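Listed below, chain by chain, are the residues.
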Amino acid sequence: MSHLYNTVNLCTVGGTESNNETNHMIRWSPPLKDKVKLNFDGSVKSNYAVGGFIFRNPLGSPLAAAVFNFGSTSVLVAKALALHNGLIDAKRRGFKKVEVEGDFKLVIDVINGVFAPRGDC
């Protein structure tokens, strides 16, 4: 299993941390033994959006993956569409227990009903 090092900007609303850079280790963790894990991501470069997803079993072996061209859109929309397409594919494949992991908390909060985006997102 490989380790990735990532530099992130921490911003705590109403707190004392703001735009502080820190290095921390990011490591993929397997799903529980009775689940599959859906990892998703999206990106935009030069007004060109892409996204994709991968399913892995508890041993880390890939089960299925897909990538998409989303045309001209935002990073938020690219990540949300990648997750949406992954969830549709999970249902199509008959995966009943799916653990979802992505790097954009807002997208996950919207799916979980924690946050409702405005109409201009």
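The sections below set out a description of the structure shown in this document. Note that the structure is a prediction, hence the values are computed from the model and not measured.

**Re the packing of aromatic side chains**
Consideration 1: Under the counting rule described, the total for this entry stands at 4 aromatic pairs.
Consideration 2: Relative to F55, the ring of F53 has its centre 5.4 Å away and its plane inclined at 65°; by these criteria the two rings are edge-to-face.
Consideration 3: Judged by relative accessible area, F53 falls into the buried class, the value being 6%.
Consideration 4: Relative to F70, the ring of F68 lies with its centre 5.8 Å away and its plane at 20°, an arrangement referred to as stacked.

**Some points on the layout of surface pockets**
Consideration 1: Of the voids in this model, the second largest pocket is the one considered here, and its volume is about 180 Å³.
Consideration 2: Lining the second largest pocket we find 10 residues, and of these L76, A80, V107, V110 and P117 sit closest to its centre.
Consideration 3: Considering each element in turn, the lining of the second largest pocket owes the most residues, 5 residues, to helix α1 (residues 75-93).
Consideration 4: Considered class by class, the residues forming the lining of the second largest pocket number 9 nonpolar, 1 polar and no charged.

**Some remarks on the pattern of salt bridges**
Consideration 1: Inspection of every chain in the model, using the stated rule, returns 8 salt bridges.
Consideration 2: The partner of D89 in a salt bridge is R92, and the shortest N-O contact between them spans 2.6 Å. With D89 and R92 both in helix α1, this residue pair falls 3 residues apart, about one helical turn.
Consideration 3: Residue D89 is classed as buried on the basis of its relative accessible area, which comes to 10%.
Consideration 4: Residue class for R92 comes out exposed when judged on its relative accessible area of 59%.

About the thresholds
- Residues numbered from 1 in each chain as written.
- Predicted model: local features only at pLDDT ≥ 70, side-chain atom pairs only at ≥ 80, totals over all residues.
- Heavy atoms only, no water.
- Phe/Tyr/Trp six-rings, centres within 6.5 Å; stacked < 30°, edge-to-face > 60°.
- Buried < 20%, exposed > 50% of the residue type's maximum accessible area, 1.4 Å probe, protein only.
- 1 Å grid on protein atoms, 1.4 Å probe; cavity = no way out; pocket = protein on both sides within 12 Å on 5 of 7 lines; lining within 4 Å.
- Points joined across faces, edges and corners; volume = space filled by probe spheres on them.
- Helix = DSSP H or I, 4+ residues; strand = E, 2+ residues; numbered from the N terminus.
- Nonpolar A, V, L, I, M, F, W, Y, C, P; charged D, E, K, R; others polar.
- Salt bridge = Lys/Arg side-chain N within 4 Å of Asp/Glu carboxyl O.

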